[in-house]
Amino acid sequence: VAACSLLGLLAARAQPGEPATAPRATVAGVVAGIVSYTRWPGDASAIRLCTLGRGASIDELLRAADIGSSQRSVTVRPVTSATQAREGCQAVYVSGIGVAAARDLLQVLAAQPVLLLGEGLEFCSDGGMFCLETGSSPVRFNANLDAIARSGLRVNPLVLRIARGT
């Protein structure tokens, strides 16, 4: 039962003015859910989610601007390089930057307490923590348990059960 309700929170978020049960299986909703069930060292009350790249998912996250909750503010801001991401982002969402640039980012942020989310299974294979399947409805995601463990972040085990582990 808890896994089902958590999946609902990860895959569905209501828009202002909609009933709380209205499903929204969007990238922003799934990312917001993953972030809300993640704990950073020191358990920060404010998180900066940085976007790197381009595409519909990045545009959706930037339009959302704040995907937080009453317990934690999560602001969304674009960055243009792995160096910028290392200097102030607690989470990074990657899309449309190419394999080499994604690998560079993952190398720069490896074993850091930065939540690394991206698109496609290769993102997890290359060292990302969560890889989203944005072409599916609802949006699905996979988790790289080794990368999560090395980061020092704590992710609720129910999120990891919902993810299809890689």
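The written sequence of each chain sets the order in which its residues are numbered from 1. Given that the model is predicted, a residue must reach a pLDDT of at least 70 before its local features are reported, and side-chain atom pairs must reach 80 or more before they are shown or counted; all residues, however, enter totals for whole chains, interfaces and linings. Note: side-chain values were computed over all heavy atoms of the structure, leaving out hydrogens and water.

## A closer look at the state of the cysteines
Turning to step 1, where the next piece is worked out: Here, a disulfide means two cysteine sulfur atoms that sit within 2.5 Å of each other. In the structure shown here, the tally under the stated rule is two disulfides.
Turning to step 2, where the next piece is worked out: Note that Cys 50 is cross-linked by a disulfide to Cys 89, the S-S spacing being 1.9 Å. Its S-S torsion of about -85° marks the bond between Cys 50 and Cys 89 as left-handed, since a negative value means left-handed. Taken together, the residues span a long stretch of sequence, with Cys 50 in strand S2 (residues 46-53) and Cys 89 in the loop between helix H4 (82-86) and strand S4 (91-95) at a distance of 39 residues. One exposure class covers both Cys 50 and Cys 89, and it is buried.
Turning to step 3, where the next piece is worked out: Paired by a disulfide, Cys 124 and Cys 131 hold their sulfur atoms 2.3 Å apart. Handedness here is read from the sign of the S-S torsion; for Cys 124 and Cys 131, about -110°, the answer is left-handed. Under the DSSP-based scheme used, a helix requires at least four consecutive residues in state H or I and a strand at least two consecutive residues in state E, with every element numbered from the N terminus. Whether a residue is buried, partly exposed or exposed follows from its accessible area with a 1.4 Å probe, protein chains only, as a fraction of its type maximum: under 20%, in between, or over 50%, in that order.

## Examining the pattern of salt bridges
Turning to step 1, where the next piece is worked out: Each reported salt bridge corresponds to a side-chain nitrogen of Lys or Arg within 4 Å of a carboxyl oxygen of Asp or Glu. All chains considered together, the criterion is met by one salt bridge.
Turning to step 2, where the next piece is worked out: A salt bridge links Asp 126 to Arg 103; the nearest nitrogen and oxygen atoms lie 3.1 Å apart. Here the residue Asp 126 occupies a position in the loop between helix H6 (121-125) and strand S6 (130-133), and Arg 103 occupies one in helix H5 (residues 99-109), the gap between them amounting to 23 residues.
Turning to step 3, where the next piece is worked out: What makes Asp 126 partly exposed here is its relative accessible area of 29%.

## Quick notes on unusual backbone geometry
Turning to step 1, where the next piece is worked out: The phi dihedral of Ala 111 is positive, around 65°, even though this residue is not glycine.
Turning to step 2, where the next piece is worked out: Residue position: Ala 111 is located in the loop between H5 and strand S5 (115-119).

## Considering the packing of helix H2 (residues 27-36) against helix H3 (residues 56-64)
Turning to step 1, where the next piece is worked out: Contact geometry for H2 and H3: axes closest at 9 Å, N-to-C directions at 65°. Here H2 is positioned roughly perpendicular relative to H3, judged by the angle of their axes. The interaxial crossing formed by H2 with H3 has right-handed handedness. The residues of H3 that touch H2, namely those facing Val 27, Ala 28 and Val 31, are Ser 57, Glu 60, Leu 61 and Ala 64.
Turning to step 2, where the next piece is worked out: For the contact of H2 with H3, the residue count by class is five nonpolar, one polar and one charged. As a rule, the C-alpha atoms of each element are fitted with a line to give its axis, helices using only the stretch in contact, and angles between N-to-C directions run from 0 to 180 degrees. The cut-offs work like this: below 35 degrees is roughly parallel, past 145 is roughly antiparallel, 65 to 115 is roughly perpendicular, and the gaps in between are oblique. Rotating anticlockwise by less than a right angle from the far helix to the near helix defines a left-handed crossing, while the corresponding clockwise rotation defines a right-handed one. Contacts were defined at the residue level, with two residues in contact if any of their heavy atoms lie within 4.5 Å. Amino acid classes used here: Ala, Val, Leu, Ile, Met, Phe, Trp, Tyr, Cys and Pro are nonpolar; Asp, Glu, Lys and Arg are charged; the rest, including Gly, are polar.

## Focus: the environment of Tyr 93
Turning to step 1, where the next piece is worked out: Tracing the sequence through the fold places Tyr 93 in strand S4.
Turning to step 2, where the next piece is worked out: Along the backbone, Tyr 93 and Leu 116 are 23 residues apart, and their C-alpha atoms lie at a distance of 6.3 Å.

## Digging into the sheet that holds strand S7 (residues 140-143)
Turning to step 1, where the next piece is worked out: Two strands pair if DSSP finds at least two bridges between them. Spatially, the six strands line up as an open sheet ordered S3-S2-S4-S5-S6-S7, and their pairing is mixed. Every other strand in the sheet has two partners, leaving strand S3 (73-78) and S7 as the edge strands with one partner each. Put simply, the sheet's adjacent strands are angled 20° from each other on average, direction ignored.
Turning to step 2, where the next piece is worked out: Examined bridge by bridge, S2 and S3 share six bridges and lie parallel to one another. Within the sheet, the bridge partner assigned to Thr 51 lies in S3 and is Pro 78.
Turning to step 3, where the next piece is worked out: Here H3 sits on the sheet in contact with S2, S3, S4 and S5, set at roughly 150° to S2.

## Describing the pairing of S5
Turning to step 1, where the next piece is worked out: Of all five residues in S5, four are buried, a share of seventy percent or more.
Turning to step 2, where the next piece is worked out: In this sheet, S5 lies alongside S4 in parallel orientation, the contact comprising four bridges. In the strand pairing of S5, Tyr 93 is matched with Leu 117.
Turning to step 3, where the next piece is worked out: Following the chain from S4 across H5 to the adjacent parallel S5, one finds a crossover that is right-handed.
Turning to step 4, where the next piece is worked out: Of the strand pairs in this sheet, S5 and S6 are connected by three bridges, and their pairing is parallel. Residue Glu 119 lies in a different strand from S6, and its bridge partner there is Leu 132. For a crossover, the right-handed case is the one in which the path from the first strand over the helix to the second runs clockwise, viewed with the strands pointing away from the viewer.

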